[in-house]
Amino acid sequence: MSAELAPARRDGSLVDAATEAISSQILHGGLSAGDKLPTERELVEQLGVSRTVLREALSSLEALGLLETRGTRGRWVAAGGSSERSRTLVGAWLHQHAREILEVDEIRSVLEAHAIRAMSKWDAIEASGEAATALTAQTEALERGDAVAAAEGDAAFHRALGAYTQNVALRSLMHGLIDASRKGAYAVYSLPDTASSSLEQHRRIVEALAESDVDGAARLAQEHMLDVARRYSAVSQGPEGDA
């Protein structure tokens, strides 16, 4: 494998850049299904990142179903796309990380609902427009099979819901939790049924905001986050459980 980091993506994240560099090799033929990935030491040298950054990138690729870990034998390139094998790998990743995802989503459900209830009616209408733009981007991303872009749209959607709170500390905390949920979002939007359900819930939140129904939007947002958490919890019953 010969790879160099692409210029930093929009958020300037080294993890994102490393993820993109490796996924590009997989998606464009540098690495094929069934190939063994180079060792972490080799990848650290090739990409010029720390081992911590590399491991975060590799975990993101596992969440997307592009890589699989085979015990102590290393990581391997999995079958890509929407194959049953890829879905099984995503389910296995969710099983492994179910507890931490559940805990973060429960916190997010409370904070997001609180931020929405603090909106004025005019804030709600403005937020509905921003959230609708993110939702459109998500829909288009899924139509072209881009789970990463759909997950980025998810982050933009939820940032829009928290953007109108006057509590700067709360807004910063919400953004940090959204960033912490990135890999979970990758997994969600790699699974067609889960992605479709998430988008439908986003649509209902947008409709409530557009009608200035802040209480309704807050309730829907909280149910949305708890639904996602429940899905992860269900997956934890087995690596091939429904996501």
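Residues numbered from 1 in each chain as written. Predicted model: local features only at pLDDT ≥ 70, side-chain atom pairs only at ≥ 80, totals over all residues. Heavy atoms only, no water.

Chemist: What should I look at first to understand the pattern of salt bridges in this one?
Modeler: Opposite charge on two side chains allows them to pair when their charged atoms are near. For the structure on display, the rule yields 13 salt bridges. The closest approach of N and O atoms between Glu40 and Arg51, which form a salt bridge, is 2.9 Å. Remark: Arg51 occurs in helix α3 (residues 51–63) and Glu40 occurs in helix α2 (residues 40–47); sequence separation between them is eleven residues. Relative accessible area serves as the criterion here: at 38%, Arg51 is assigned to the partly exposed category. Here the salt bridges do not stand alone but share partners, grouping Glu40, Arg51, Arg55, Glu62 and Arg75 into one network. (Salt bridge = Lys/Arg side-chain N within 4 Å of Asp/Glu carboxyl O. Helix = DSSP H or I, 4+ residues; strand = E, 2+ residues; numbered from the N terminus. Buried < 20%, exposed > 50% of the residue type's maximum accessible area, 1.4 Å probe, protein only.)

Chemist: Would you mind showing me how to read the packing of aromatic side chains here?
Modeler: Centre distance and the angle of the planes are the two values used to describe a pair of aromatic rings. All told, the structure shown has zero aromatic pairs when counted by the stated rule. Taking the ring centre of Trp76 as reference, the NZ or CZ of Lys36 above it sits at 5.9 Å. (Phe/Tyr/Trp six-rings, centres within 6.5 Å; stacked < 30°, edge-to-face > 60°. Lys NZ or Arg CZ within 6 Å of the ring centre and 35° of its normal.)

Chemist: What is the right way to read the environment of Thr194 from this model?
Modeler: Tracing the chain through its elements places Thr194 in helix α9 (residues 192–210). Residue class for Thr194 comes out buried when judged on its relative accessible area of 7%. As for Thr194 and Val228, which are separated by 34 residues in sequence, their C-alpha atoms are 8.5 Å apart.

Chemist: How should the side chain of Ser190 be read in this particular structure?
Modeler: Along the polypeptide, Ser190 turns up in the loop between α8 (182–188) and α9. Assessed through its relative accessible area of 17%, Ser190 is described here as buried. Residue contacts for Ser190: discarding those within four places in its chain leaves Ala63, Leu64, Val90 and Ala147. (Contact = heavy atoms within 4.5 Å.)

Chemist: Please explain the packing of α2 against α3 as it appears in this structure.
Modeler: Each pair of packed helices gets described by two things: the angle between the helix axes and the distance between those axes. Interaxial distance between α2 and α3 falls to 10 Å at its minimum, and their mutual angle equals 105°. If you check the angle between α2 and α3, you find them roughly perpendicular. Contacts from Glu40, Arg41, Leu43, Val44 and Leu47 of α2 reach α3 at Arg51, Leu54, Arg55 and Leu58. In terms of residue class, the contact of α2 with α3 is made up of five nonpolar, no polar and four charged. (Axes fitted to C-alpha atoms, helices over the stretch in contact; angles between N-to-C directions. Parallel < 35°, antiparallel > 145°, perpendicular 65-115°, else oblique. Nonpolar A, V, L, I, M, F, W, Y, C, P; charged D, E, K, R; others polar.)

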